[in-house]
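Overview (structure and organization)
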Amino acid sequence: MERLIAGAMSGTSADGVDVALVAISGRGVDMTTRDVGFYHNAYSADLRATIFNLRAGKPVPLAELARCTRDVSLAYSTAVKRALASGGVDASDVAAVAAHGQTMFHAPPDTMQIFDPALLAAEVGCAVVSDFRRADCAAGGQGAPLVPFADYVLFRHPTRSRVLINIGGIANLTFLPAGGSIDDVVAFDTGPGNCISDDLVRRHDPGDLYDLNGLGAANGYPIGEAVDGVLSHPYFAAAPPKSTDGPAMNDIFFQATKQYLGRGFLDDLLATACVITARSIARALPPADEVFVSGGGVYNQTLMAKLADEGIRPRPIEEARADAHPAFKEAVAFALLGAATLDGLPSNVPSATGARRRVVLGSITPKP
Ligand SMILES: Nc1ncnc2c1ncn2[C@@H]1O[C@H](COP(=O)(O)OP(=O)(O)O)[C@@H](O)[C@H]1O
Ligand SMILES: [Mg+2]
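Residues numbered from 1 in each chain as written. Chains lettered and ligands numbered in written order. Predicted model: local features only at pLDDT ≥ 70, side-chain atom pairs only at ≥ 80, totals over all residues. Heavy atoms only, no water.

**Observations concerning the overall build of the protein chain**
Inclusion rule: Put simply, DSSP marks the helices as runs of H or I at least four residues long and the strands as runs of E at least two long, and each gets a number from the N terminus on. Throughout this description, buried means an accessible area under 20% of the type-specific maximum (1.4 Å probe, protein chains only), exposed means over 50%, and partly exposed covers the range between. Contact between two residues is taken to exist if any of their heavy atoms lie within 4.5 Å; hydrogens are not considered. For the purpose of charge, His is not counted, nor are the chain termini; Lys and Arg are scored as positive and Asp and Glu as negative. Charge coordinates come from a single atom per side chain, which is NZ of Lys, CZ of Arg, CG of Asp or CD of Glu.
Helix and strand counts for the protein chain stand at 14 helices and 12 strands. Judged by the C-alpha coordinates and their principal axes, the protein chain covers about 55 × 50 × 35 Å. Residues classed as buried in the protein chain amount to 57% of the 368 residues present. Within the protein chain, residue pairs in contact and separated by at least 24 positions form 70% of the contacts whose partners lie at least 6 positions apart. Between the averaged position of the 31 positive side-chain charges in the protein chain and that of its 39 negative side-chain charges there is a distance of 3 Å.

Next comes the structure, spelled out in structure tokens:
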């Protein structure tokens with residue numbers, strides 16, 4: 001039987017909430033999907049600034065954290081309601097919203113996503129599945145990455161091995177061996193995606209979100225020493241399972257580039273950030289028949305050019321599945337994770353998170 005689930009995701013780049021309204025049939029790794037609609041609701045400039053202040057560890061009153069949790073939840077409800085409206089769908093037809101929440105901190109085994117599921121349930125008028133990472137952490141895992149379950153469900157291939165790269169704030173990859181089982185999946189965060197570039201742009205002008213189309217980086221000259229300095233950090237050589245967070249990666253970058261900062265070389269630093277992201281992905285890439293890319297990083301043309309310089313020419317994720325959307329792959333993934341939770345089936349991938357066992361993820365808030 002087909003059930004409608006709204007997958008809702010806001011990543012570490014804190015650009016806003018992506019919603020994928022997905023009709024899901026089947027169970028577990030045999031689920032199939034039919035996309036009903038996508039919607040992106042950008043966070044307000046104020047909310048984004050609060051999130052980044054909190055994430056940077058700046059002293060912020062608890063009142064602001066509480067308020068931020070409410071604002072994040074309302075941004076989720078606006079996004080879901082608009083996705084429903086644009087798909088012509090009534091909330092009573094939705095089995096659940098599967099909501100990730102906003103990551104404020106991630107250093108396994110500690111991880112924190114802020115979100116109020118009761119508020120979302122009340123605003124939208126349906127059940128909510130949330131807090132997906134905790135059960136995996138409780139089972140000894142990193143609580144991340146969780147998307148590999150959906151990557152396996154949607155993108156596995158009987159005769160071709162595939163790597164799926166997703167470049168958001170953080171970059172991660174999922175390796176799906178040809179004809180493999182879910183236990184054969186290898187997945188981890190390779191390191192920074194756009195987080196360093198976004199942070200540089202924001203420091204330069206708090207009103208700017210990112211290096212539009214990578215134009216700044218295209219004008220810059222990468223600082224080789226800084227690239228080497230960052231990539232010599234033990235995170236990059238560490239064996240998986242491993243996962244990280246934007247502030248941790250930004251910190252490594254700023255330690256390695258202290259002497260270059262504040263000297264007006266923004267474009268050079270942006271170019272440096274692109275090379276760091278591209279090279280860390282290239283070094284982590286397992287050999288595979290096909291490589292696909294998704295996430296907001298696909299819109300940074302300089303980053304894509306730097307990947308090509310490193311010998312990787314990933315194909316757009318749409319070429320793996322015609323219905324895949326580069327900006328909504330993770331929102332669709334959370335819809336699938338939510339469906340598994342409602343079915344009482346495990347959806348962590350222990351080979352990716354390092355958990356001791358397979359567990360059912362998430363907490364269910366009933367329909368009000
Ligand atoms: N037109 C664009 N030019 C350059 N970068 C872009 C563009 N659109 C999106 N991005 C990048 O993608 C990021 C958002 O990607 P996303 O996949 O949503 O990441 P996350 O999951 O961390 O929120 C932005 O922060 C920005 O770095
Ligand atoms: Mg995003």
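What follows continues from the structure just given.
**Focus on the sheet that holds strand β11 (residues 315-316)**
Just so we agree on the cut-off: The criterion for strand pairing is that DSSP finds at least two bridges linking the strands in question.
In space, the five strands of this open sheet follow the order β9-β8-β7-β10-β11, with mixed pairing throughout. Of all the strands in the sheet, just β9 (186-192) and β11 have a single pairing partner and so form its edges. For strand β7 (residues 162-167) and strand β10 (residues 290-294), the ladder comprises five bridges, and the chain directions are parallel. Along β10, the bridge assignment pairs V163 with V291.

**Quick word on the packing of aromatic side chains**
Operational definition: In this scheme Phe, Tyr and Trp rings, the latter by its six-membered ring, pair at centre separations within 6.5 Å, and the angle between planes marks the pair as stacked below 30 degrees, edge-to-face above 60, and tilted otherwise. Two conditions define a charge located above a ring, namely a distance within 6 Å from the ring centre to NZ of Lys or CZ of Arg, and an angle within 35 degrees of the ring normal.
Under the definition given, this model contains five aromatic pairs. Aromatic pair Y235 and F236: ring centres 6.0 Å apart, planes at 90 degrees, arrangement edge-to-face. If you follow R202 out to its NZ or CZ, it ends over the ring of F52, 3.4 Å from the centre. Above the face of the Y235 ring, K242 is positioned so that its terminal group lies 4.7 Å from the ring centre.

**Some words on unusual backbone geometry**
Cis geometry is adopted by the peptide bond preceding P109, which originates at P108 and carries an omega value of 10 degrees. Within the fold, P109 resides in the loop between β4 (94-107) and β5 (110-114). The omega angle of the peptide bond from P240 to P241 is 5 degrees, so this bond is cis rather than trans. Topologically, P241 is positioned in the loop between α9 (234-237) and α10 (246-257). One non-glycine residue, A14, lies in the positive phi region at around 50 degrees. A residue is classified by how much of its surface remains accessible, and A14, at 0% relative accessible area, is buried. The backbone of D131 shows a phi angle near 55 degrees, a positive value even though the residue is not glycine. Within the secondary structure, D131 sits in the loop between β6 (128-130) and α4 (134-138). Overall, D131 belongs to the partly exposed group, its relative accessible area being 24%.

**Digging into the site of ligand 1**
Counted only if it meets this: A molecule or strand has a residue near it when one of that residue's heavy atoms lies within 4 Å. Any N or O atom pair separated by 3.5 Å or less is treated as a polar contact, with the protein-specific requirement of one donor-capable and one acceptor-capable atom, and with residues adjacent in sequence counted only for side-chain atom pairs. The method behind every accessible area is Shrake-Rupley, applied with a 1.4 Å probe, and residues are considered shielded solely by the protein chains displayed.
In the neighbourhood of ligand 1, 17 residues make up the surrounding shell, with S13, G169, D198, N213 and G296 lying closest. Between ligand 1 and T12, the relevant distance is 3.2 Å, taken from an oxygen atom to a main-chain nitrogen or oxygen of the residue. One of the side-chain N or O atoms of D198 is found 2.5 Å from an oxygen atom in ligand 1. Burial of ligand 1 by the protein chains amounts to 89% of its free accessible area of 570 Å².

Remember, this is a structural readout, not a statement about activity or role.
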